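So you can see what is in the structure, the chains are spelled out below.
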Amino acid sequence: MNDPIFSRLHVFTLTATLVMICTFVSFPGLDIAISGLVYERAGRFLLTASWLANAVNDSLRIGLSAVFLAILLAILLWKLLRITPESGLANWGFAITSFLIGPGLIVNGILKSYVGRARPVHLVEFGGSKAFTPMLEISDQCGKNCSFSSGEVAQTSTFVFTALVLAWPHLSRTGRWVWALIGAGLICLSMFLRIGLGRHFMSDALTSVAISAMVALAMYRLFNVGMARGKLTWVALLRDLRAMGGAFTMLLLRGGRTALSLRSCNPPDTTGSRD
């Protein structure tokens, strides 16, 4: 299906990603310079001691993980209860698959496990003992849960991109601008938190945004979301919740009846024994 918006977004994402990679590969010191702007003293960055920054960072990570976990559980329940959601199973498949492949497999499963880039807070330049690794170079400065790329930023970006994609046809022209700006602000907040805490470089954060965007675009086409998202309305969501609740209640009642039947067929032995 010809989708001009998809094509433009595809070209823009690939172009922006290429420009970003060329910039940080050509000028590797840019990462150090940007992190240096929020560095205060040995092992301490601008947001290191901020309880608010840490609380917001943790809330974003836990809250968004809960959202995607809820979507996964809903899909499993629909399958278990043999319910076809009116809101469109493809829409929810698009969201959870984007999360599992982007932040899950690519960022946390591969990049953070095997690239070996040390976090800013651990570098010699910022009071640590590890050497700086330029973008896209494999290193031995970190063994696990490393700097490249950012899991939190990938998670936030995936949430924003999938939410905007699904909501787009239901928003007014003004609403699209408003929610796009809110989404961009949320991604920027996540990036600022990770850099300001000394946990990631700018290139780590931007790479995660790029990965999330490209995965979302691929899943958009795979799940034919352009057609399916028209089903995603508040009325359909409420009906799906009611259907799921009703089917789950019936399943529990059947289980209870089965347990009572088994109990009545096998009465307990009350005769006892006497000495």
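Small disclaimer: the values here were computed from a predicted structure and weren't measured. (Residues numbered from 1 in each chain as written. Predicted model: local features only at pLDDT ≥ 70, side-chain atom pairs only at ≥ 80, totals over all residues. Heavy atoms only, no water.)

A. Seen up close, the side chain of Asp-31. Residue placement: Asp-31 occurs in helix H2 (residues 29-37). Take Asp-31: its relative accessible area is 1%, and that puts it in the buried class. A distance of 2.6 Å separates polar atoms of two side chains, one belonging to Asp-31 and the other to Ser-203. Among all residues touching Asp-31, those that are not within four sequence positions of it are Phe-24, Arg-117, Phe-132, Phe-201, Met-202 and Ser-203. (Helix = DSSP H or I, 4+ residues; strand = E, 2+ residues; numbered from the N terminus. Buried < 20%, exposed > 50% of the residue type's maximum accessible area, 1.4 Å probe, protein only. Polar contact = N/O pair within 3.5 Å; in protein donor to acceptor, adjacent residues only side chain to side chain. Contact = heavy atoms within 4.5 Å.)

B. Summary view of empty space enclosed by the protein. Within this structure, the stated rule accounts for one cavity of 30 Å³ or more. What the largest cavity holds in volume is close to 30 Å³. For the largest cavity, the full set of lining residues is Asn-57, Leu-60, Arg-61, Glu-152, Gln-155, Thr-156 and Ser-190. Residue assignment for the lining of the largest cavity shows that the elements contributing at least two residues are helix H3 (51-80) and helix H5 (151-167). Broken down by class, the residue content of the lining of the largest cavity amounts to one nonpolar, four polar and two charged. (1 Å grid on protein atoms, 1.4 Å probe; cavity = no way out; pocket = protein on both sides within 12 Å on 5 of 7 lines; lining within 4 Å. Points joined across faces, edges and corners; volume = space filled by probe spheres on them. Nonpolar A, V, L, I, M, F, W, Y, C, P; charged D, E, K, R; others polar.)

C. Structural detail: the packing of aromatic side chains. Throughout the structure, instances matching the rule amount to seven aromatic pairs. Ring centres of Phe-45 and Phe-126 lie 5.3 Å apart, and the angle between their planes is 65 degrees; this geometry places the pair in the edge-to-face category. Residue Phe-45 is found in strand S2 (residues 44-45), and its partner Phe-126 is found in the loop between helix H4 (89-114) and H5; the two are separated by 81 residues along the sequence. Per residue, the accessibility class of Phe-45 equals that of Phe-126, and both read buried. Centroid distance Trp-78 to Trp-92: 6.4 Å. Interplanar angle 45 degrees. Geometry classified as tilted. (Phe/Tyr/Trp six-rings, centres within 6.5 Å; stacked < 30°, edge-to-face > 60°.)

D. View of the layout of surface pockets. Reported here for the largest pocket is a volume of approximately 1,100 Å³. In terms of residues, the lining of the largest pocket owes the most to one element, helix H6 (residues 173-196), which gives nine residues. Considered class by class, the residues forming the lining of the largest pocket number 24 nonpolar, three polar and four charged. Of the pockets and cavities examined, the second largest pocket occupies roughly 750 Å³. Around the second largest pocket, the lining is made up of 22 residues, and of these Ala-163, Leu-166, Ala-167, Leu-232 and Trp-234 lie nearest the centre. Those elements giving two or more residues to the lining of the second largest pocket turn out to be H3, H4, H5, H6 and helix H9 (234-265). Here the lining of the second largest pocket is built from residues that sort into 18 nonpolar, four polar and no charged.

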